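Inside the fold
What follows is the residue order along each chain.
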Amino acid sequence: MTESSDKKQLLHLVFGGELSNLEQVQFRDLNELDIVGIFPDYASALVAWKSKAQSTVDNAHMRYFIVHMHRLLNPTE
């Protein structure tokens, strides 16, 4: 079943993991990446990102990111 909506879907992926060093975005263990989820808009992705980032604030190497998937799916936009 598909959901019909006038609002354009702009998918965003939230994920994170522990970095091997703080100077680069290089993950310590790719098997341990935390895929938080895919969200229909930036606002809901931001809420999820903030929650995860705040819950791991004691680990300086842990980082979470928001990927604008809609830009990868439609690179001309």
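Right above here is the structure, for reference.
**Comments concerning the pattern of salt bridges**
Overall, the coordinates contain two salt bridges when judged by the stated rule. In this structure, the salt-bridge partner of Arg-28 is Glu-18, at a minimum N-O distance of 3.0 Å. Linking Arg-28 in the loop between β1 (12-18) and β2 (34-39) with Glu-18 in strand β1, this pair joins segments that are ten residues apart in sequence. Its relative accessible area of 30% is what places Glu-18 among the partly exposed residues. The shortest N-O distance in the salt bridge between Asp-34 and Lys-52 comes to 3.1 Å. Of the two residues, Asp-34 sits in strand β2 while Lys-52 sits in helix α1 (residues 42-55), which places them 18 residues apart along the sequence. For Asp-34, a relative accessible area of 21% puts it in the partly exposed group.

What counts and what doesn't
- By convention here, each chain's residues receive numbers from 1 onward along its written sequence.
- Side-chain atom pairs in this predicted model are given and counted only at pLDDT of 80 or more, local residue features only at pLDDT of at least 70, and totals for whole chains, interfaces and linings cover all residues.
- Only heavy atoms go into the side-chain values, all of them from the structure, while hydrogens and water stay out.
- The working definition used for a salt bridge is a side-chain nitrogen of Lys or Arg within 4 Å of a carboxyl oxygen of Asp or Glu.
- Secondary structure elements follow DSSP: runs of H or I no shorter than four residues count as helices, runs of E no shorter than two count as strands, and numbering proceeds from the N terminus.
- For the exposure calls, accessible area comes from a 1.4 Å probe over protein chains only, and a residue counts as buried if that area is under 20% of its type's maximum, exposed if over 50%, partly exposed in between.

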